[in-house]
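Notes for the structure review
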Amino acid sequence: MYLSTVSRPVADGPGSGPRRRRFAMVSGNVVALGTVSLITDVSAEMVAAVLPLYLVLGLHLSPVAFGVLDGVHTGATALLRVVGGFAADRFRRRKLIAGVGYALSAVAKLGLLLAGRSIPAIGAVIAVDRIGKGVRSAPRDALITLSTPPEALGRAFGVHRAMDSVGAFLGPLAAFAVLLVVGQSYDAVFVTSFCIAALAVVVLVLFVRERPDGEAGGETDDPKVSVREAFGLLRVGPARRLVLAAAMLGLATIGDGFVYLLLQRRMDLGLRWFPLLAVGTSLAYLLLAAPLGVLADRIGRLPVVIGGYTALGATYLLLAGPVDGWPLIVLALTLYGAFYAATDGVLIALAGPVLPARLRTTGIALVQTGQALAYLVSSVLFGLAWQAWGPESAIRVAAVAVAGVLVGTLLLLASPSRLTTWKVPR
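1. A closer look at the overall build of the protein chain
Regarding its fold elements, the protein chain presents 15 helices and zero strands. Sorting the 426 residues of the protein chain into buried and exposed places 56% on the buried side. Taking as baseline every contact in the protein chain between residues at least 6 positions apart, the subset at least 24 positions apart corresponds to 86%. Total accessible area computed for the protein chain in this model is approximately 16700 Å², and 69% of it derives from carbon and sulfur atoms.

In structure tokens form, the structure reads like this:
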């Protein structure tokens, strides 16, 4: 198995069928998983859209405390991604493991009602929600890779992430609508979010199909994946480089909450309008995810990922630059959405062909874990920098960090001479 898809897409071979297959529709499994993600993201983004306000302005958290909670939101339970990925590979029940993760995240929405104003309780509930996300992400993405030919992975992830971003677009609008009807009632947002998340679990159970390993070129009678074999992925060059690159890229990401709080400060936006900032990002993501996925299949996935992080660095510079008013909002949210569209699914599409089918979920989980743990570190460091130097200086430092990380990523992944065939030890 080769890492050639890092620098260029897989070429059509003699047995790949007519050229028009490149434009074929994605599989029904990808559409079903996209529908589950769409509904789940409506639920998740309803909460995410109001949580920074609830914590910083409602509970008066300091930037450092918010950075810690924001890091917990993504990174504190990152190791459970590996546990979920390994369990899915060992028992070949990726749908079941993903379903457990979706169910945990749904229950956590009700937990926010019980947590009240207790910061430790809120942190614990957020951790449960992230456990759910950590457990489900790798099995879901593995199901997509196993339901799609390698040459079409960019398109498949682009379509999936586009559907996901529809939910991210609708979620803040739903939160805005709830707040408009009931006033500053965060509990109403949490209850509505739970009901929507429960619907996503029902759709998963009824419409997503487990993809046997044998359908993806593996053998269904292979021995079960062992712990030694799973972590053997880190002893081989290409997979290790991918995990290290993902961790470096995670260090360049400070989190949506900080970006939107910076915009709110610069524009002095009213609290009721704050959730709509996420809508702008989601709209750009929605419009760009599928086209950038197709572009990644054509020109190579690494160049698209690098372009996405370049857009992230430009977003940070805008937040500390001279541009103000509506031009700042439009440019910043468009670039931020382009960053997500060019990196979220494309990074996994880049990694998918590198990993053998029997270890696909574990390998994807390792990549996601490296990125999530680094994100935890970056959120805490950015909160400290904000409190010590002020938000403008902190965001400038973040922009410099993006430039450094891009150089490191290119050194790790862009050299063809370092991309060699490998075999996972058992």
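Text resumes after the structure shown.
2. A word on empty space enclosed by the protein
Under the definition given, this model contains two cavities of 30 Å³ or more. Along its surface, the second largest cavity is lined by Leu-233, Ala-239, Leu-242, Val-243, Leu-355, Gly-363, Leu-366 and Val-367. Contributing elements (two or more residues each) for the lining of the second largest cavity: α9 (237-251) and α14 (360-389).

3. Some points on a nonpolar patch on the surface
Judged by side-chain polarity, Leu-199, Val-202, Val-205, Leu-206 and Phe-207 come together as a nonpolar surface patch covering roughly 510 Å² of accessible area. Assignment of secondary structure puts Phe-207 in helix α7 (residues 186-207). Since its relative accessible area comes to 56%, Phe-207 is described here as exposed.

4. Looking at helix α11 (residues 275-299)
The end-to-end C-alpha separation of α11 is 36 Å, in line with the 36 Å expected for 25 residues at 1.5 Å each. Largest kink in α11: about 40°, centred on Leu-288, with the proline Pro-291 one to four residues after it. Where α11 ends, the next residue or the one after it, Gly-300, has phi of about 115°, a positive value.

5. A closer look at the nonpolar core
In summary, soluble globular proteins display a tendency toward joint burial of nonpolar side chains. Judged by nonpolar contacts, the single largest core of 91 residues is most densely connected at Ile-254, Tyr-260, Leu-263, Tyr-316, Phe-382 and Ile-395. The element contributing the most residues to this core is helix α13 (residues 325-351), with 14 residues. If sequence neighbours within four positions are ignored, Ile-395 has contacts with Ile-254, Leu-262, Tyr-316, Leu-319, Ala-320 and Phe-382. Val-50, Leu-59, Val-125 and Val-189 belong to the second-largest nonpolar core, a separate cluster that totals 20 residues.

6. So, the pattern of salt bridges
Proximity of charged atoms lets side chains of opposite charge pair with each other. Scanning the entire structure with this criterion turns up five salt bridges. We note a salt bridge from Arg-161 to Asp-141, for which the minimum N-O separation is 3.3 Å. One end of the pair, Arg-161, is in helix α6 (residues 153-182); the other, Asp-141, is in helix α5 (residues 119-146), and 20 residues separate them in sequence. Residue Arg-161 shares its accessibility class with Asp-141, and that shared class is buried. Here Asp-344 makes a salt bridge to Arg-161, at a shortest N to O gap of 3.2 Å. Here Asp-344 is found in helix α13, whereas its partner Arg-161 is found in helix α6, with 183 residues between them in sequence. With relative accessibility at 4%, the residue Arg-161 sits in the buried group.

Rules used in this analysis
The residue numbers shown here count from 1 along each chain, following its written sequence. The model is predicted, so local features are restricted to residues of pLDDT at least 70 and side-chain atom pairs to those at 80 or more, both for listing and for counting; the totals for chains, interfaces and linings are taken over all residues. Values shown for side chains rest on all heavy atoms present in the structure; no hydrogens or waters enter the calculation. Per the convention used, a helix needs a DSSP run of H or I reaching at least four residues, while a strand needs a run of E reaching at least two, with both numbered from the N terminus. A 1.4 Å probe rolled over the protein chains alone gives each residue an accessible area, and that area as a share of the maximum for its type sets the label: buried under 20%, exposed over 50%, partly exposed in between. Contact definition: two residues touch when any of their heavy atoms are within 4.5 Å. The Shrake-Rupley method, run with a 1.4 Å probe sphere, supplies the accessible areas, and residue values consider only the shown protein chains as cover. Grid points spaced at 1 Å and placed over the protein atoms alone form the basis of the search, with a cavity being a set where a 1.4 Å probe fits but cannot get out and a pocket an open set showing protein on both sides within 12 Å along at least five of seven lines. Lining residues have an atom within 4 Å of a point. Grid points are joined across faces, edges and corners, and a volume is the space filled by probe spheres set on the points. Only residues above 30% relative accessible area that lack a salt bridge enter a patch, with like-charged residues linked at up to 9 Å and the nonpolar side chains Val, Leu, Ile, Met, Phe, Trp and Tyr linked at up to 5 Å. For salt bridges, the criterion is a side-chain nitrogen of Lys or Arg within 4 Å of an Asp or Glu carboxyl oxygen. Multiply 1.5 Å by the residue count of a helix minus one, and that product is the helix's expected span. The bend at a residue is defined as the angle formed between two axes, one fitted to the seven residues ending at that residue and one fitted to the seven starting there. We define the nonpolar core as a collection of buried residues of types Ala, Val, Leu, Ile, Met, Phe, Trp, Tyr and Cys that are connected through side-chain atoms lying within 4.5 Å of one another.

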